[in-house]
Amino acid sequence: MPLLDARNVHGGYGGMNILNGVDMAIESDQIGVIVGPNGAGKSTMLKAVFGLLHVSQGEILLRGEPIHNLPPNKLVQKGMGFVPQENNVFPSLTVKENLEMGAFLKPGNVKRMLAQVFEFFPPLREKRHQPAGELSGGQRQMVAMGRALMAEPSLLLLDEPTAGLSPLYMNEIFEQVKLVNSAGVGILMVEQNAKQALGIADKGFVLAAGQNRFTDTGAALLADPDVAKSFLGG
Amino acid sequence: MDTKRADIVAAPSRLPLREMLLFVALLAAVLGVYAVMGGAYSTRMLVEAACYAILALGLTIQWGYAGQFNAGVMGFVALGGFSAMFFSIPINEAFWGSELPGELGRVLLYMVAAILVVLGATRLDRIGVPKRLRTIIAVVLGVVLYLVVINAFRDVTDQIESRAGFIGGLGLPVGVGWIVGGALAGAVGFFIGRVCLGLRSDYLAIATLGIAEIIKAFLKNSDWLTRGTATVSPLPWPVPGPAEVGFTLARAMYLSVTAVMIAVIFFLLSRAYHAPWGRMIRAIRDNELSAAAMGKDINRRRLEIFVLGCILMGIGGAALGSFNSMFDPQGYLPLNHTFLVLVMVILGGPGNNLGTIFGAVAVYIIWIMSEPLALFLMELAVAFGEGAFGWEAPTNMDSRALQARVFVIGLLITLVLRFAPKGLLPEKVKHVA
Amino acid sequence: MNELVFFINNVVIAGSVTGSIYAIGAVGVTLIFSIMRFAHFAHGDMMTFGAFMVLLLASAFPGAGSAFGVPAALVLLPVAMALTALLAVGIDRAFYKPLRAHGVKPIVLVIGSLGVTLMLQGLIRLFSGTGGSSLYVDDRKEIFRLALPFEGVRAPVVITEPQLWLFVITLAAVVGLHFFLTRSRLGKAMRAMSDNPDLAQASGINTNTIVAVTWVIAGGLAAIAGTLLSLDVTFKPDLSFFLLLPIFAAAIVGGVGHPFGAVAGGFVVGFAETLAVFNWSVLLRPFRDSLPEWLTQAGNLAFVGTEYKIVVPFFILVVILVWRPTGIFKGKVI
């Protein structure tokens, strides 16, 4: 049974449909990457999965259980973590407090998970008593991912984790995503850096106008001349 | 967005059935009051309702047009009332015959001079004084000059109080006081608006609440100017008074004056509402962000509408003050002069002038009629209490009945916000694309 | 030296008393502001309600304090705090939550809270009447006169029992709040929600719980402030309206959403008030020989008369809004 199975998802804001039938399935040990042109509905799809958007048609299943239109805090309980693109830390809380907030629903795990998150993101250990608002962009991204991991999710949703970061940090983030995935967390991420992202993807979804255009393994999509021509800039 | 669109499409073709029904009901209520309470009483009620309608129009353009919440209507009303009193009552010879006017003028000159000196000190950095030093100089100068002037001022006002009572009025036509009352209220509104309108809307509410209490405190404690708690009466009317033509006729004439004022204000407001100016105001209210993208004029527009609203409150307050024929600073209460007006506006329909006038008259009738009703209900409760449990009734029934009305007004506000947030006659948003 | 004692009594002690009360009130206002993003105008009446509950309880159990040797009002204060907290949560459920669910602008909540203010005011006065009454139902207000060990000092420093309690309880409340916000899971979640409500929700924090906790704390603090104020003077049902402006000014001076800023702001406003109404000519008296005559002749060198005390917080409010709208500690919301 796939970890996440979205079938024919329709939805949007205030009656305006942005998603017009998206299908998406990833297994529990996979990295899924959503790419596509601006306005294709990439982030919207992620929000629909995390219950931030009303799904008007179709269904989303987490391990076979329908989850569409459940509120976010229920989804966190069911093992989903979400890292928004912007405003993804609590700026006046320290790094450690930020991480603790991620484990709000599982307070018993804090110690163990803190150790694990610091292993994933070593720079955070030394900055743990610093307010998150004072960190650099890349470190904030680490705090944000760490916060989401604190609840021990089985599926982590990342909305453009490398947006606005320098190339150096970008590679680091991609490495860390792979690391997190290898620890057994399924990942669904939206990325602008399509080539690099598809490089680490087990599953790639190319969206356009709120629908799947191409769906295949990351490697296959990278090799497909049609995908390359229309979405990867030659 | 979409529900609003539906309104726009439906509005032009719809018969104004709702409006007609509501106004027929209102007319029936007015006639009912006339039948039961008699002409003189009912006409008085209508005049007061008309004055309140002017206040409510002032609030509806602030809250309904622009989304600015003024929690200090009372202050602007009191300023209007003061102005109406000051300009219209007879000249006090005991004051003008002495050397006190000169003294007062001298102190006022000092005051202006002190303000100019301090303002000058704040500009000292332009001639090379370091900024920090300039600030210190300005603050110290301000404190010292303030103490000097305020002491001189207290001396003069004490003398006025002991020798002449108070400075009396100017003996001018009533209309002058009403216009100046509007101007005074507008000036205070300008000051508050300048400080608060660029910030969160909550700050305006806090500041207006404060300025209203300050205005009241000033009018109450400045015995030299207003006789304070001793009150001033009678105030002249712009039309022949009850002594000359009898209660009903005099009040009817007063009513026609206020009715003409409402008509003029209504006409001008409708013009402005549909003009580009009004559209821009509403655009700012509905979407501050996108309106901010239109240019830097936003705060100016906001200030204009806020001052305009305050001017209307000043004028309405002046008309109300003259009609009461007595200036009593302690008679200005947040309940009667702020919250009652608020209920009129949110119940009638914020942003809809017709709805606001409807709300003003309807709520005022209920308000006036609820007084005997509340007392009656309280007495009923007391009788029941005495009969059932031998409960001893408190002696101050009237004041407790008043408190029951405070509760009801509060409940009404919360209920309207929750169940009829657009009021009985909602603002009609026309398609302007 | 007698002048100095006069200064201590009328400025240092009086300022600390007012400052403490404003501080506790402003903390509640600022917490509500940072979680729900609106200025809670009914806060003054929540304070009055708390004090009124103490009055009712103390009248019912006048002897409650004798076992501990403290006034009954203090022993009953925790009960009143619980009742006020309950009232605050109930008011939120009944009036504010439906408005929030509608997604109204914050200013509509402000108007709603004014409605709540009127309802509370009406209810309290309906039952208590409009006169004042002492919270010392069956106890005696101790007054301590401390003579200073200096020669020629005749006037003692005067401090009353409720004032001492006020300082102790204020300190305890502030320290307690500090530990709650920085050490406890719920306290941290409150700060998180104040930082970023959307992310708090995405982290699985139940925002309804946080809102309820905020009301419980704000209600409890309001009961403390109202009771201590009423102990210091007397219980009057119309206290609240005059408290609102200084409390809001204190919260804004401290930086809205900044609890410890609110404490600082409370003392700034409290001391500003007492300094402004203090008659400075008293302090000039010892130097009367060396000063110019026009200065010593001035009998009253107070900045404002006590009847204009309300001008002081307003002035501070205007100055801070013009000069630094984020407050001295950089609040989150302007």
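Residues numbered from 1 in each chain as written. Chains lettered and ligands numbered in written order. Predicted model: local features only at pLDDT ≥ 70, side-chain atom pairs only at ≥ 80, totals over all residues.

- By the naming in an unreviewed UniProt entry, chain B is Branched-chain amino acid ABC transporter permease, taken from Halomonas urmiana.
- Under the heading Subcellular location (unreviewed entry), UniProt records this for chain B: "Cell inner membrane". (UniProt positions renumbered as here; feature names shortened; annotations may be inferred.)

- If you check an unreviewed UniProt entry, chain A appears there as ABC transporter ATP-binding protein from Halomonas urmiana.
- Database annotation for chain A, UniProt heading Sequence similarities (unreviewed entry): "Belongs to the ABC transporter superfamily."

1. Remarks on the overall build of chain B
Moving on, step 1. Helix and strand counts for chain B come out as 18 helices and zero strands.
Moving on, step 2. For chain B, whose C-alpha radius of gyration is 25 Å, the value lies close to the compact-globule estimate of 22 Å for 433 residues.
Moving on, step 3. Structurally, chain B occupies a C-alpha span of about 70 × 55 × 50 Å along its principal axes.
Moving on, step 4. Expressed as a percentage of the 433 residues in chain B, the buried residues total 40%. (Helix = DSSP H or I, 4+ residues; strand = E, 2+ residues; numbered from the N terminus. Rg over C-alpha atoms; globule rule 2.2 N^0.38 Å. Buried ≥ 20, exposed ≤ 12 C-beta atoms within 10 Å, placed from the backbone.)

2. Structural notes on the interface of chain B and chain C
Moving on, step 1. With 39 residues of chain B at the contact, the number on the chain C side is 42 residues.
Moving on, step 2. Among the elements of the structure, α7 (131–164), α8 (174–196), α9 (201–221) and α18 (397–419) of chain B are those that each provide at least two residues to the side of chain B that touches chain C.
Moving on, step 3. For the side of chain B that touches chain C, the residue count by class is 23 nonpolar, 10 polar and six charged. (Contact = placed C-beta atoms within 7 Å. Nonpolar A, V, L, I, M, F, W, Y, C, P; charged D, E, K, R; others polar.)

3. Quick notes on the environment of F87(B)
Moving on, step 1. Structurally, the position occupied by F87(B) is in helix α4 (residues 73–88).
Moving on, step 2. Once residues lying within four places of it in the same chain are set aside, the contact partners of F87(B) are G169(B), L170(B), L172(B), V176(B), G177(B) and V180(B).

4. Re unusual backbone geometry
Among all residues save glycine, negative phi is the norm, and among peptide bonds the norm is trans.
Residues and elements named next belong to chain B.
Moving on, step 1. Cis geometry is adopted by the peptide bond preceding P234, which originates at S233 and carries an omega value of -5°.
Moving on, step 2. For T231, which is not a glycine, the phi torsion comes out positive at approximately 60°.
Moving on, step 3. Here T231 shows up in the loop between α10 (223–226) and α11 (242–245).
Moving on, step 4. Exposure remark for T231: the 14 C-beta atoms within 10 Å place this residue in the partly exposed category.

5. Some thoughts on the pairing of strand β4 (residues 55–62) of chain A
All names here are of chain A.
Moving on, step 1. With six bridges joining them, strand β1 (residues 4–13) and β4 adopt antiparallel strand pairing. Residue pairing across strands places D5 opposite L61, the latter belonging to β4.
Moving on, step 2. In this structure, β4 lies alongside strand β5 (residues 65–66), joined through two bridges in antiparallel fashion. From the neighbouring strand, L62 faces β5, where its bridge partner is E65.
Moving on, step 3. Hairpin geometry of β4 and β5 is characterised by an intervening segment of two residues between the two adjacent antiparallel strands and by a positive phi of about 50° at R63. (Pairing = 2+ DSSP bridges.)

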